[in-house]
Amino acid sequence: NAGVTQTPKFQVLKTGQSMTLQCAQDMNHNSMYWYRQDPGMGLRLIYYSASEGTTDKGEVPNGYNVSRLNKREFSLRLESAAPSQTSVYFCASSEVGSTDTQYFGPGTRLTVL
Amino acid sequence: QKEVEQNSGPLSVPEGAIASLNCTYSDRGSQSFFWYRQYSGKSPELIMFIYSNGDKEDGRFTAQLNKASQYVSLLIRDSQPSDSATYLCAVRGEAGGGNKLTFGTGTQLKVEL
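Reading the values: rules and limits
Residues numbered from 1 in each chain as written. Chains lettered and ligands numbered in written order. Predicted model: local features only at pLDDT ≥ 70, side-chain atom pairs only at ≥ 80, totals over all residues. Heavy atoms only, no water. Contact = heavy atoms within 4.5 Å. Buried area = accessible area lost by both parts, 1.4 Å probe. Salt bridge = Lys/Arg side-chain N within 4 Å of Asp/Glu carboxyl O. Helix = DSSP H or I, 4+ residues; strand = E, 2+ residues; numbered from the N terminus. Nonpolar A, V, L, I, M, F, W, Y, C, P; charged D, E, K, R; others polar. Disulfide = S-S within 2.5 Å. Buried < 20%, exposed > 50% of the residue type's maximum accessible area, 1.4 Å probe, protein only.

Novice: When you look at the interface of chain A and chain B in this model, what are you seeing that I'm missing?
Specialist: Listed per partner, the contact involves 24 residues of chain A and 20 residues of chain B. Between chain A and chain B, a total of about 1,600 Å² is buried, with carbon and sulfur atoms accounting for 54% of that surface. In terms of surface lost to chain B, no three residues of chain A exceed Leu43(A), Asp100(A) and Phe104(A), which account for 28% of the buried area on that side. Our count for the chain A to chain B interface comes out at zero salt bridges. Of all elements in the fold, only strand 4 (31-38), strand 5 (42-49), strand 9 (87-94) and strand 10 (102-104) of chain A reach the threshold of two or more residues within the side of chain A that touches chain B. Among the residues forming the side of chain A that touches chain B, the class breakdown is 10 nonpolar, 10 polar and four charged.

Novice: Just checking my understanding: could you explain the environment of Trp35(B) for this structure?
Specialist: Mapped onto the elements, Trp35(B) comes out in strand 4 (residues 32-38). In sequence terms Trp35(B) and Gly106(B) are 71 residues apart; their C-alpha atoms lie 9.8 Å from each other.

Novice: Mind showing me how you'd approach the state of the cysteines here?
Specialist: By definition, a disulfide links two cysteine residues through a covalent bond between their sulfur atoms. Taken as a whole and assessed by the stated rule, the structure comprises two disulfides over all chains. Shown here is the disulfide that connects Cys23(A) with Cys91(A), its sulfur atoms set 1.9 Å apart. One disulfide, between Cys23(A) and Cys91(A), carries an S-S torsion of -70° and so falls in the left-handed class. In this pair, Cys23(A) sits in strand 3 (residues 19-25) while Cys91(A) sits in strand 9, placing the two residues 68 residues apart along the sequence. One exposure class covers both Cys23(A) and Cys91(A), and it is buried. One disulfide in the model links Cys23(B) with Cys89(B); its S-S distance is 2.1 Å. Across the S-S bond of Cys23(B) and Cys89(B) the torsion is about -70°, and the bridge reads as left-handed. On the criterion of sequence distance, the pair formed by Cys23(B) in strand 3 (residues 19-25) and Cys89(B) in strand 9 (residues 85-92) is long-range, its members being 66 residues apart.

The quantities given are spatial measurements derived from coordinates; they are silent on function.
What follows is the structure in structure tokens.
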């Protein structure tokens, strides 16, 4: 089991460019999440998908869109990147149940110039 | 705004000592509490979760929960240099609110030889 995988690992964009961050999980989890982590700010939820076919905004959704492509995949799109979106992005997944534990991918380091 | 507060540290302890990490939360309806460890440049990994008031032990780690006082703590016994990392406290809200977690900003732990 690979767990949660993310691509790419690193990316540099210019202001105004667009890109999609990919996330996939092989744990058959229903719920998936996108977070950003900035120094001194902790992990902040951007969007989440409680189950296939549903998505909802988190704490900091502005400037992002998501797609739950199927049960395994959940992508995050930046339509017009801004320097304020320079961050480390983590995808996570979980299964509703006795533990509700979220498992994280390795992260994507994004720099917007 | 649901908040989770942690002292950012760094908390320095000598090897073999007990490290005590604390976390307070504002949402009195919170249901589940998680401790994640994050090494520099890596993704968060789950150490423990706790649901009920009292103590929960797992090896060298003990999580303590006091819902009346709205705090959760993590004790690490016989601290090792490999325990040096940032420890993130995460809280899940009221039942029916999904699996969304609110993270604290983390406490940096340094275990010194």
